[in-house]
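What follows is the residue order along each chain.
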Amino acid sequence: MTGVQTCALPILEDALSLLHVGDSGSFIIDAEGFYVFTRKMALPGFLKEGDKLKFDIKLKEIIRFSDFQLDKKTILSENSKEESVLLDAYLKRTNVTVAPSSSGLYYIEKKKGIGPKPVPGKRVWVHYLGYFIDGKLFDNSYERGAPFVFRYGNAEVIQGWEEGLSQMAQGGSALLVIPSHLAYGDNGKGKIPAFSTLIFEIELIKVEQ
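Fair warning: this is a prediction, and the values are worked out from it, not measured in the lab.

Peer 1: Could you clarify how one ought to interpret the overall build of the chain in this entry?
Peer 2: Helix and strand content of the chain: 5 helices and 9 strands. In the chain, the succession of α and β elements from N to C terminus is β-α-β-α-β-α-β-β-β-α-β-α-β-β. Within the chain, the proportion of its 209 residues that are buried is 40%. Within the chain, contacts between residues at least 6 apart in sequence are counted, and of these 60% link residues at least 24 apart.

Pasting the structure below:
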């Protein structure tokens, strides 16, 4: 394939298989195929079955898989070190003095709850603000006008949330500093990049018994 051509394909990998080094092309890819097959994640809520995505691709180089693995390992190591530096700077800047748990979670209690504690398999109602480590807000349940509801202990949320909520009771609030290995790791998710330490202000509104 030379020059710019447009074609429709079910998955991104099919598009790449048509290219040689130096080729470029525009491809219409099935949205569900891209997210489920390529990204290994559920179709985002802003898309529906049958939607299409357009990719403009130019193949610059093909490398051996062993070289790719080595490059990836180097990049992951560098990104992990950068996350650690940013986390240390955040802790100093915000005067966080609590020690992390054995997993690496920083739990800072803001208000002690006096109600029941979360029970595995039962629902909890949580309001929250989610920040990147640079202070940028990326999610806010208060703006949506309703708390986030999920079943505690069913792996429906990130590990850092599960661990943090295990220390809370209804009516309580806390600040969670969650390193990426307790959140979305080296893959990221949606608008959350890989190796992102996340900061959550959470309020445990209600616990199902």
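Peer 1: Would you mind showing me how to read the packing of aromatic side chains here?
Peer 2: We describe a pair of aromatic rings using the distance from one ring centre to the other and the angle between the two ring planes. Inspection of the entire model under this criterion finds 10 aromatic pairs. Measuring from centroid to centroid gives 4.7 Å for Phe 132 and Phe 138, while their planes differ by 35°, and the two rings are tilted. Ring centres of Phe 150 and Trp 161 lie 5.9 Å apart, and the angle between their planes is 50°; this geometry places the pair in the tilted category. Of this pair, Phe 150 sits in strand β7 (residues 148-151) while Trp 161 sits in helix α5 (residues 159-165); the two residues are 11 residues apart in sequence, bridging distant segments of the chain. Each member of the pair Phe 150 and Trp 161 is classed as buried. One aromatic cluster is present, formed by Tyr 128, Phe 132, Phe 138, Phe 148, Phe 150, Trp 161 and Phe 200 through successive ring pairs. Sitting over the ring of Trp 125, Lys 206 keeps its end group 4.5 Å from the ring centre.

Peer 1: Explain the side chain of Thr 197 here, please?
Peer 2: Mapped onto the fold, Thr 197 is located in the loop between β8 (173-178) and β9 (198-207). A distance of 2.7 Å separates the side chain of Thr 197 from the side chain of Glu 83, its partner in a polar contact. Setting aside residues no more than four positions away along its own chain, Thr 197 makes contact with Glu 83, Leu 87, Tyr 131, Phe 132, Ile 133, Val 177, Ile 178, Pro 179 and Ser 180.

Peer 1: Explain unusual backbone geometry to me, please; I cannot follow it from the model alone.
Peer 2: Outside of glycine, negative phi angles account for most residues, and trans bonds account for most peptide bonds. Here the phi dihedral of Asn 95 falls at roughly 60°; this positive angle occurs in a residue that is not glycine. Structurally, the position occupied by Asn 95 is in the loop between α3 (65-93) and β4 (106-111). Non-glycine residue Phe 195 carries a positive phi angle of around 60°. Counting through the fold element by element, Phe 195 comes out in the loop between β8 and β9. What makes Phe 195 buried here is its relative accessible area of 16%.

Peer 1: Would you explain the pairing of strand β5 (residues 123-132) in this entry?
Peer 2: Residues in a regular strand point their side chains to alternate faces of the sheet. Extensive coverage of β5 is indicated by the burial of 8 of its 10 residues. The sheet contact formed by β5 and β7 spans 4 bridges and is antiparallel. Looking at β7, one finds that Trp 125 is bridged to Val 149. In the sheet, β5 pairs with β9 via 9 bridges, with the strands oriented antiparallel.

Peer 1: Is there a simple way to think about the nonpolar core in this case?
Peer 2: The tendency in soluble globular proteins is for nonpolar side chains to be buried as a group. Of all hydrophobic cores here, the largest spans 25 residues; its most connected members are Val 126, Trp 161, Leu 165, Leu 176, Ile 178, Phe 200 and Ile 202. Contributions of two or more residues to this core are made by β5, α5, β8 and β9. Ranked by residues supplied to this core, first place goes to β9 with 5 residues. Ile 178 has contacts with Leu 105, Ile 158, Gly 160, Trp 161, Ala 183, Ser 196, Thr 197, Leu 198 and Phe 200, leaving out every residue within four places of it along the chain. Phe 27, Phe 34, Leu 47 and Ile 57 belong to the second-largest nonpolar core, a separate cluster that totals 13 residues.

Peer 1: When you look at the pattern of salt bridges in this model, what are you seeing that I'm missing?
Peer 2: Pairing is possible between side chains that carry opposite charge, provided their charged atoms lie close to one another. For the coordinates displayed, the defined rule picks out 5 salt bridges. Between Arg 123 and Glu 208 there is a salt bridge, with its nearest N and O atoms 3.2 Å apart. Taken together, the positions of Arg 123 in strand β5 and Glu 208 in the segment after β9 put the pair 85 residues apart, joining distant regions of the chain. Arg 144 is paired through a salt bridge with Asp 139; the nearest N and O atoms lie 2.7 Å apart. When salt bridges with common partners are traced through the structure, they connect Arg 123, Arg 151 and Glu 208 into a single cluster.

Parameters and conventions
- Residues numbered from 1 in each chain as written.
- Predicted model: local features only at pLDDT ≥ 70, side-chain atom pairs only at ≥ 80, totals over all residues.
- Heavy atoms only, no water.
- Helix = DSSP H or I, 4+ residues; strand = E, 2+ residues; numbered from the N terminus.
- Buried < 20%, exposed > 50% of the residue type's maximum accessible area, 1.4 Å probe, protein only.
- Contact = heavy atoms within 4.5 Å.
- Phe/Tyr/Trp six-rings, centres within 6.5 Å; stacked < 30°, edge-to-face > 60°.
- Lys NZ or Arg CZ within 6 Å of the ring centre and 35° of its normal.
- Polar contact = N/O pair within 3.5 Å; in protein donor to acceptor, adjacent residues only side chain to side chain.
- Pairing = 2+ DSSP bridges.
- Core = buried A, V, L, I, M, F, W, Y, C linked by side-chain atoms within 4.5 Å.
- Salt bridge = Lys/Arg side-chain N within 4 Å of Asp/Glu carboxyl O.

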